[in-house]
Amino acid sequence: MRGTAFLFMITAIVFVLLGMAWGIEMSVRADFKMTPAHAHLNLIGFVIGAVFALYFVVTPQADGGLAKALYALWAVTTVLMVVGIYMAVSQQGEGLAKIASLLGVLTMLMFGWIVLKNGIGRTEA
Ligand code: HEM
């Protein structure tokens, strides 16, 4: 299966591998300042991405243009959230983290809309 579900899952795996490497790096340096950025990379990048992937597997009729738009919004939100938190924690400004937070809410609203429109589970033909 190579639809939007596959895109979500592959990207989520890339995000969590980066997040795990970052976790190991923090442990090796015994410097846990960036824990919030690591946590959001793994939670928004992997947990939410994998949940979205599984939704589109069980609800194939929801795949399409809106699903692709959700994928783009979620991927951009994850990157901006991690960079934004990194900047906020290293005292370089909170603007990006604030924008990413709003994009995060928008991502969930778009997912909610898709679920309301398509339900959960395959539609009987
Ligand atoms: C190789 C895998 C991983 C390593 C080495 C790692 C390492 C770490 C480290 C060193 C911390 C900081 C702990 C502290 O501040 O005392 C941390 C925090 C955290 N990690 Fe990971 N992590 C890994 C995978 C994950 C995954 C897969 C997730 C989520 C799906 C995750 C979510 C979190 C969260 C939520 C926190 C914050 C916990 C808190 O502040 O109480 N991590 N991790």
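Residues numbered from 1 in each chain as written. Predicted model: local features only at pLDDT ≥ 70, side-chain atom pairs only at ≥ 80, totals over all residues. Heavy atoms only, no water.

### Examining the nonpolar core
Reasoning step 1: Counting 26 residues, the largest nonpolar core has Phe 8, Trp 22, Phe 56, Leu 70 and Trp 74 as the members making the most contacts within it.
Reasoning step 2: At the level of secondary structure, the elements contributing two or more residues to this core comprise helix 1 (4-29), helix 2 (35-58), helix 3 (65-89) and helix 4 (95-118).
Reasoning step 3: Setting aside residues no more than four positions away along its own chain, Leu 70 makes contact with Phe 8, Phe 52, Phe 56, Thr 107, Met 110, Phe 111 and Ile 114. (Core = buried A, V, L, I, M, F, W, Y, C linked by side-chain atoms within 4.5 Å. Buried < 20%, exposed > 50% of the residue type's maximum accessible area, 1.4 Å probe, protein only. Helix = DSSP H or I, 4+ residues; strand = E, 2+ residues; numbered from the N terminus. Contact = heavy atoms within 4.5 Å.)

### Comments concerning helix 1
Reasoning step 1: Over its 26 residues, helix 1 extends 37 Å from the first C-alpha to the last, a length consistent with the 38 Å expected when each residue adds 1.5 Å.
Reasoning step 2: What helix 1 keeps buried is the set Thr 4, Ala 5, Phe 8, Thr 11, Ala 12, Phe 15, Val 16, Gly 19, Trp 22, Gly 23 and Met 26.
Reasoning step 3: Buried-residue contacts for helix 1 involve helix 2 and helix 3.
Reasoning step 4: Where helix 1 terminates, the next one or two residues include Ala 30, which has phi positive at roughly 50°. (Expected span 1.5 Å × (residues − 1).)

### With respect to the coordination of the iron atom of the ligand
Reasoning step 1: Its sole protein donor being His 38 (NE2), the iron atom of the ligand sits 2.0 Å from that atom.
Reasoning step 2: Locating His 38 in the fold gives a position in helix 2. (Donors = N, O, S within 2.8 Å, 3.2 Å for Na, K, Ca; no water.)

### What to know about the environment of Lys 33
Reasoning step 1: Following the sequence through the fold, Lys 33 ends up in the loop between helix 1 and helix 2.
Reasoning step 2: Accessibility expressed as a relative area gives 52% for Lys 33, which makes it exposed.
Reasoning step 3: C-alpha separation for the pair Lys 33 and Val 89, spaced 56 residues apart in sequence, amounts to 7.3 Å.
Reasoning step 4: Of note is the side chain of Lys 33, whose polar atom sits 3.1 Å from the side chain of Asp 31. (Polar contact = N/O pair within 3.5 Å; in protein donor to acceptor, adjacent residues only side chain to side chain.)

### A word on the packing of helix 1 against helix 2
Any two packed helices are characterised by the angle at which their axes cross and by the distance between the axes.
Reasoning step 1: Where helix 1 meets helix 2, the closest approach of the two axes is 8 Å, and the angle between their N-to-C directions is 160°. Considering their axes alone, helix 1 and helix 2 lie roughly antiparallel with respect to each other. Handedness of the crossing formed by helix 1 with helix 2: left-handed. (Axes fitted to C-alpha atoms, helices over the stretch in contact; angles between N-to-C directions. Parallel < 35°, antiparallel > 145°, perpendicular 65-115°, else oblique. Left-handed = near helix turned anticlockwise from the far one by under 90°.)

### Focus: the site of the ligand
Reasoning step 1: Of all residues adjacent to the ligand, which total 13 residues, the nearest are Met 20, Ser 27, Thr 35, His 38 and Asn 42.
Reasoning step 2: Here His 38 contributes a side-chain N or O atom positioned 2.8 Å from a nitrogen atom of the ligand.
Reasoning step 3: Between the ligand and Asn 42 there is a distance of 3.2 Å, counted from a nitrogen atom to a side-chain nitrogen or oxygen.
Reasoning step 4: The class makeup of the residues in the shell around the ligand is eight nonpolar, five polar and no charged. (Near = heavy atom within 4 Å. Nonpolar A, V, L, I, M, F, W, Y, C, P; charged D, E, K, R; others polar.)

### Remarks on the pattern of salt bridges
Reasoning step 1: In total, this model carries three salt bridges according to the counting rule given.
Reasoning step 2: In this structure, Lys 33 and Asp 31 form a salt bridge, with 3.1 Å as the shortest nitrogen-oxygen distance.
Reasoning step 3: What emerges from the salt-bridge pattern is a single network uniting Glu 25, Arg 29, Asp 31 and Lys 33. (Salt bridge = Lys/Arg side-chain N within 4 Å of Asp/Glu carboxyl O.)

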